[in-house]
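# Coordinate analysis (summary)
Spelled out, the chains give:
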Amino acid sequence: MSDSNLSSRTVLVTGATSGIGYETARLLAERGATVLVHGRTAEEAQAASDKLVSTAGIPAERLRSFGADFSRLEEVERLAHRVVVEHPHLDVLVNNAAIAAPERHTVTVDGNEIAFQVNFLAHYLLTNLMGDALTSEPGGRVVNVSSSLHRTGSIQWSDPNRARRYSRLAAYAQSQLALTVFAADPRVIAVSIHPGICDTALLPLYAHHGATASDGAAHVVRLCDPATEIVNGAYYDCDERVEPAPAATEGRTVQRLNKLADVLVGQLN
């Protein structure tokens, strides 16, 4: 991994209060980037920033805290507007926040299955609302932290909420497939990555043992570095570029997903 200085870069990391998101924020800040630390609440984001200062020795001025609960799209919109106002030149957006789908079918206040909303729809909305801030600088990009489980997923076009047949693994896989498909959206320069099976809150979905969150974060940070050339829509397994599931590169699927997401986030123009 190149250890180039990232001091001119501003990066927003969603879900940066624990696991791979927290370690990604740490590694980026250690290399000089200004990191916008997102958490579910402002308090959680501030606590993560304070911990980075006290335990990792990160200068406090390199960190900014932002709270937004992704199970409420109104909070995602507020987050986007605040970031655009305070940081009109955003170099990288790391769409990392994720939850394991719950055992029981759960619908958000916005009417969407919760894993589909938190893991995909919130990031779809956030990315689109960041458009102007993100595309203003060369090297600007979106890094979607996806999962190898996207290969087992299918998007239930007629029932994305999976109200008729719900399985937590299928719901999680669907959300990860959607996030991977979204990387091929021609409106943004984006890639997606499976950062390896890491010892985080999502580990039980995969295995009993995993690499450290720091190991996974290093793969994410490599894609944030402008020295790493990327191809729009590319998918990485750790540091290796590999083919994603076939659906993730189909132009028709990308268009269809955009239409569906626009309806579900209420962005009908």
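Residues numbered from 1 in each chain as written. Predicted model: local features only at pLDDT ≥ 70, side-chain atom pairs only at ≥ 80, totals over all residues. Heavy atoms only, no water.

## Quick word on the environment of Ser8
Along the chain, the position of Ser8 falls in the segment before strand S1 (10-13). Along the backbone, Ser8 and Asp91 are 83 residues apart, and their C-alpha atoms lie at a distance of 9.0 Å. (Helix = DSSP H or I, 4+ residues; strand = E, 2+ residues; numbered from the N terminus.)

## Some thoughts on the sheet that holds strand S7 (residues 235-237)
Taken in spatial order, the eight strands make up an open sheet running S3-S2-S1-S4-S5-S6-S7-S8, and their pairing is mixed. In this open sheet, the two edge strands, each paired with only one partner strand, are strand S3 (63-67) and strand S8 (240-242). Taken over all neighbouring pairs, the strand axes of this sheet differ in orientation by 25 degrees on average, direction set aside. Helix-sheet contacts for helix H3 (residues 73-86) involve S1, strand S2 (34-39) and S3, and the interaxial angle to S3 is about 155 degrees. With respect to the sheet, helix H7 (residues 213-224) is in contact with strand S4 (92-95), strand S5 (141-145), strand S6 (190-194) and S7, its orientation differing from that of S5 by roughly 160 degrees. (Pairing = 2+ DSSP bridges. Axes fitted to C-alpha atoms, helices over the stretch in contact; angles between N-to-C directions. Contact = heavy atoms within 4.5 Å.)

## Notes on unusual backbone geometry
With the exception of glycine, the majority of residues adopt a negative phi angle, and the majority of peptide bonds are in the trans configuration. Even without being glycine, Arg162 reaches a positive phi, approximately 55 degrees. Counting through the fold element by element, Arg162 comes out in the loop between S5 and helix H6 (168-182). Positive phi, normally seen in glycine, also occurs at Cys238, with a value near 55 degrees. In this fold, Cys238 is placed in the loop between S7 and S8.

## Some points on the packing of helix H4 (residues 114-129) against H6
It is the contact of H4 with H6, at a shortest axis distance of 7 Å, that shows an interaxial angle of 20 degrees. Here H4 lies roughly parallel to H6, going by the angle between them. Relative to H6, the crossing made by H4 is left-handed. Within the contact between the two elements, H4 uses Ala115, Phe116, Asn119, Phe120, His123, Tyr124 and Thr127 and H6 uses Ala171, Tyr172, Gln174, Ser175, Gln176, Ala178, Leu179 and Phe182. In the contact of H4 with H6, the residues fall into nine nonpolar, six polar and no charged. (Parallel < 35°, antiparallel > 145°, perpendicular 65-115°, else oblique. Left-handed = near helix turned anticlockwise from the far one by under 90°. Nonpolar A, V, L, I, M, F, W, Y, C, P; charged D, E, K, R; others polar.)

## Quick look at the side chain of Ser71
Its location among the elements puts Ser71 in the loop between S3 and H3. Among the residues examined, Ser71 registers a relative accessible area of 17% and is labelled buried. Not counting residues within four places of it along the chain, the set of residues in contact with Ser71 comprises Thr108, Val109, Asp110, Ile114, Gln117 and Val118. (Buried < 20%, exposed > 50% of the residue type's maximum accessible area, 1.4 Å probe, protein only.)

## Let's talk about the nonpolar core
In terms of nonpolar packing, the biggest core is built from 43 residues, with Leu12, Phe70, Val83, Leu90, Phe120 and Leu126 touching the most fellow members. Sorting the residues of this core by element identifies H3, H4, helix H5 (131-134), H6 and helix H8 (251-264) as the ones contributing at least two each. Per-element tally for this core: the top contributor is H4, with nine residues. Of all hydrophobic cores here, the second largest spans 33 residues; its members include Ile20, Ala33, Val145 and Ala213. (Core = buried A, V, L, I, M, F, W, Y, C linked by side-chain atoms within 4.5 Å.)

## Remarks on the pattern of salt bridges
The final tally for this structure, using the stated rule, is ten salt bridges. A salt bridge links Glu44 to Arg40, with the nearest nitrogen and oxygen atoms 3.0 Å apart. Its relative accessible area of 31% is what places Glu44 among the partly exposed residues. We classify Arg40 as partly exposed; its relative accessible area is 47%. Residue Asp185 pairs with Arg187 through a salt bridge whose shortest N-O separation is 2.8 Å. Of the residues examined, Arg187 reaches a relative accessible area of 44% and is grouped as partly exposed. Taken together, the shared-partner salt bridges connect Glu23, Arg26 and Glu30 into one network. (Salt bridge = Lys/Arg side-chain N within 4 Å of Asp/Glu carboxyl O.)

## Comments concerning the pairing of S1
Of the two faces of S1, both are covered, the one formed by Thr10 and Leu12 as well as the one formed by Val11 and Val13. Where S1 lies against S2, four bridges are found, and the strand directions are parallel. When the sheet's bridge partners are listed, Thr10 is paired in S2 with Thr34. In terms of handedness, the path from S1 via helix H1 (residues 19-30) over to S2 forms a crossover that is right-handed. Bridging between S1 and S4 involves three bridges; their strand directions are parallel. Within S4, the position partnered with Val11 by the bridge is Val92. (Right-handed = clockwise from strand over helix to strand, strands pointing away.)

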